[in-house]
Amino acid sequence: MTSIPADQYVTDTSTDITEYWIDLFLGIKGNEYFCDIDDDYIRDRFNLTGLAQEVSHLSLLVDLITDAIDMDNDDRSDENRKNTEHDARVLYGLIHARYILTLRGLTKMFDKFRTGDFGFCPRVNCELHPLLPVGLSDQPRVASVKLYCAKCEDFYNPKSNRHAVVDGAYFGRSFPAMFLLNYQQAIPVHSKQTYVPRLFGFKLHEYSKLDRWRQLQRLKLEDRLRKDNVEIDDVQGGFETSKKESQGP
Amino acid sequence: MASEGEEDYVPWIRQFCKLFGHDYFVAVSHEFIEDDFNLTGLSSQVPYYKEALYTLLDYQVDTIEDVKNGGDSNNKNNNNTKPGKPKHELPNRVILDSSAELLYGLIHARYIVTKAGLTEMAGKFERNEFGSCPRYYCDSMHLIPVGPLDISGQETVRLYCPCCNDTYVPQSLRFLNIDGAFFGTTFPGLLVQMFPEIENQCRIRLNKYKNEEFGLRLFGFRINEKSMSGPRVKWLRAVPETADEIAEYDKCELRLPWGEGDDADEEIEDDEEDDDDKTMASE
Ligand SMILES: [Zn+2]
Ligand SMILES: [Zn+2]
């Protein structure tokens, strides 16, 4: 194999040597939660509505992300190129938040969910249930990405520090809800089990009281659900809910 | 074999606490270990109990290997002079090491529920040496090690968060083979009772977020309970907030105030039965 000097890389040669911008982006440490967005989606201006406010030179950035231009052949200053690269990553993140709410995007995220790319719930009673990424806000630069567990319905901090710098807006506040709405098979059995601290075998009074109150809230929920024709099924490891079968054919 | 009086000699206990994954342990004082009362019942749980005890108190203990080596080389004159046990009753090095670790762990679980041990562990808690709660709304509350059981060899160490009242698997793999019984079921409850400041720290965090803030949103809206993907475990993290809820909470003092002779009654009895089973199991 003849090697080509780096400065001769041209994107439209479509050889194996070419490194696509998106592949490089996904390979950066900390970007493990992102899926790859179809070029078609990025190139469709409709999907970028409103994003021109967030980054400047939108067209240039789109070209960069989709490998229509190559920054290595660029004669702009290093500083300038660094800013452009940074903006391209921001843009990719913001498009990503929209993309993962589409059917194509959800499918890609479902595959990542199934392989545990987002990690597993650290809660003992969740028994390593796979997590989903979530933003606390859809606005960029508000909060870093968090993880949602559909079993305990709670938010967790990512385990690794490298995810603490990933903007939550790149995943968005709505993603897990949209995901579970579309993949109801991903809704897990919920455990009723709670933990109450003990002293020499005996449950601590104050904590038992709180635990009882929480169990009461659960029983009240079950009552409300039954009235709304939602079935509560006790299954191994907890309970799940289903729509009551309507009578007749 | 390390000869005695060497300057870089590290006492067994200090060495144990420095081992990979042993970050949660404190050093138990020799004084505590030398008091027979504190060791009541342990001799039947640990193979080669006496040898293990001497090991962690830094006495020289002969193993099968020592006797063999001692016999081979004449340079060591001290090795075989002790009127020790017959060779076939000596432990081998590997068994002795694991016995000593088991014994130390069991003593450790007892030590950290004494005043001295609790104080030392409180220091580690304050310095966040057990890590922070991974739950976002717990705002990096410090965690407390806990054993699901007091019987050794069953479950690994977990971490209790006094803010969300839940237990977590340690984040680092290094703790995944540390026996939970070496910390025990009682420790977190006792720590929280003895240091009320911990509950204050939790209260500040609990007041920071309201129950309503938890849970998923879809384009700004909460998911309806009736929806199949609606919330099902909100109760797990709920805290009484409104006057009604507080009144309801007060009714939970001694029993679950639910159901007067209808179907729901059975369910509660079941729950309580489960509870009793758990209590028995952990004793
Ligand atoms: Zn969970
Ligand atoms: Zn917590």
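In the annotation of an unreviewed UniProt entry, the entry for chain B reads Casein kinase II subunit beta, and the organism field reads Scheffersomyces spartinae. The UniProt entry for chain B carries this comment under Function (unreviewed entry): "Regulatory subunit of casein kinase II/CK2. As part of the kinase complex regulates the basal catalytic activity of the alpha subunit a constitutively active serine/threonine-protein kinase that phosphorylates a large number of substrates containing acidic residues C-terminal to the phosphorylated serine or threonine." UniProt, in its Sequence similarities (unreviewed entry) section for chain B, records the words "Belongs to the casein kinase 2 subunit beta family."

Per an unreviewed UniProt entry, chain A goes by the name Casein kinase II subunit beta and belongs to Scheffersomyces spartinae. According to the UniProt record, the Function (unreviewed entry) comment for chain A is "Regulatory subunit of casein kinase II/CK2. As part of the kinase complex regulates the basal catalytic activity of the alpha subunit a constitutively active serine/threonine-protein kinase that phosphorylates a large number of substrates containing acidic residues C-terminal to the phosphorylated serine or threonine." Under the UniProt heading Subunit (unreviewed entry), the note attached to chain A is "Tetramer of two alpha and two beta subunits."

S.K.: So, the overall build of chain A: which residues are in play, and what are the values?
M.R.: Counting its regular elements, chain A contains 7 helices and 7 strands. Its helices and strands taken in sequence order, chain A reads α-α-α-α-α-β-β-β-α-β-β-α-β-β from the N to the C terminus. Looking at chain A as a whole, 51% of its 249 residues are labelled buried. Intrachain contacts of chain A at a sequence separation of at least 6 include 59% that bridge at least 24 residues.

S.K.: Lay out the coordination of the zinc ion (ligand 1) in plain terms, naming residues and giving numbers.
M.R.: Residues and elements named next belong to chain A. Donor atoms from the polypeptide that coordinate the zinc ion (ligand 1) comprise C121 (SG), C126 (SG), C149 (SG) and C152 (SG), at 2.3 Å from the metal. Its 4 donor atoms give the zinc ion (ligand 1) angles of 103 to 117° at the centre, a pattern that matches the tetrahedral case. Sequence spacing among the residues donating to the zinc ion (ligand 1) works out to C-x4-C-x22-C-x2-C. Here C121 is found in the loop between α5 (103–114) and β1 (132–134), whereas its partner C152 is found in the loop between β2 (146–149) and β3 (154–156), with 31 residues between them in sequence. Given a relative accessible area of 1%, C121 falls into the buried group. The class of C152 is buried, set by a relative accessible area of 2%.

S.K.: Summarise the confidence of the model for chain B; cite the residues concerned and give the values.
M.R.: All names here are of chain B. For chain B, per-residue confidence averages 86 on the pLDDT scale, and residues scoring 70 or more make up 82% of the total. Within the model, the stretch residues 71–82 combines pLDDT values under 50 with 9 contacts to residues more than four positions away or in other chains. Counting interchain partners and residues more than four positions distant, the pLDDT-below-50 stretch residues 261–283 has 22 contacts. Listed scores for the predicted complex are pTM 0.87 and ipTM 0.89.

S.K.: Give a description of the coordination of the zinc ion (ligand 2) that names residues and reports values.
M.R.: Residue and element names in this part refer to chain B. Surrounding the zinc ion (ligand 2) are the protein donor atoms C133 (SG), C138 (SG), C161 (SG) and C164 (SG), at 2.3 Å. Read N to C, the donor residues that coordinate the zinc ion (ligand 2) are spaced as C-x4-C-x22-C-x2-C. Placement of C133 in the loop between α6 (115–126) and β1 (144–146) and of C161 in strand β2 (residues 158–161) is noted, with a sequence separation of 28 residues between them. Comparing C133 with C161, the two get one shared label, buried.

S.K.: Before we move on, could you go through the interface of chain A and chain B and cite the residues and values that matter?
M.R.: Contact residues are listed per partner, giving 62 residues for chain A and 65 residues for chain B. Together, the buried faces of chain A and chain B total about 6,400 Å²; carbon and sulfur atoms form 59% of this surface. The three residues of chain A that bury the most area against chain B are Y195(A), W213(A) and R214(A), which together make up 12% of that side's buried surface. Inspection of the region where chain A meets chain B yields 7 salt bridges. Between D154(A) and R135(B) there is a salt bridge; the shortest N-O distance is 2.5 Å. Taken together, the connections running from chain A to chain B amount to 30 residue pairs in polar contact (both at pLDDT 80 or more). For the side of chain A that touches chain B, the element with the most residues is helix α7 (residues 205–227) of chain A, which contributes 19 residues.

S.K.: Can you break down the environment of S191(A) residue by residue, with the values?
M.R.: Relative to the elements of secondary structure, S191(A) occurs in the loop between α6 (175–182) and β4 (198–199). A relative accessible area of 11% means that S191(A) is categorised as buried. When the C-alpha positions of S191(A) and K151(A) are compared, they lie 7.6 Å apart, and in sequence the two are 40 residues distant. Apart from the residues lying within four places of it in its own chain, the contact partners of S191(A) are N125(A), G237(A), G238(A), F239(A), V233(B) and W235(B).

Here is what the cut-offs are and how they apply
- Residues numbered from 1 in each chain as written.
- Chains lettered and ligands numbered in written order.
- Predicted model: local features only at pLDDT ≥ 70, side-chain atom pairs only at ≥ 80, totals over all residues.
- Heavy atoms only, no water.
- UniProt positions renumbered as here; feature names shortened; annotations may be inferred.
- Helix = DSSP H or I, 4+ residues; strand = E, 2+ residues; numbered from the N terminus.
- Buried < 20%, exposed > 50% of the residue type's maximum accessible area, 1.4 Å probe, protein only.
- Contact = heavy atoms within 4.5 Å.
- Donors = N, O, S within 2.8 Å, 3.2 Å for Na, K, Ca; no water.
- Tetrahedral: all angles 85-135°; square planar, octahedral: opposite > 155°, others 65-115°.
- pLDDT = per-residue confidence, 0-100.
- Buried area = accessible area lost by both parts, 1.4 Å probe.
- Salt bridge = Lys/Arg side-chain N within 4 Å of Asp/Glu carboxyl O.
- Polar contact = N/O pair within 3.5 Å; in protein donor to acceptor, adjacent residues only side chain to side chain.

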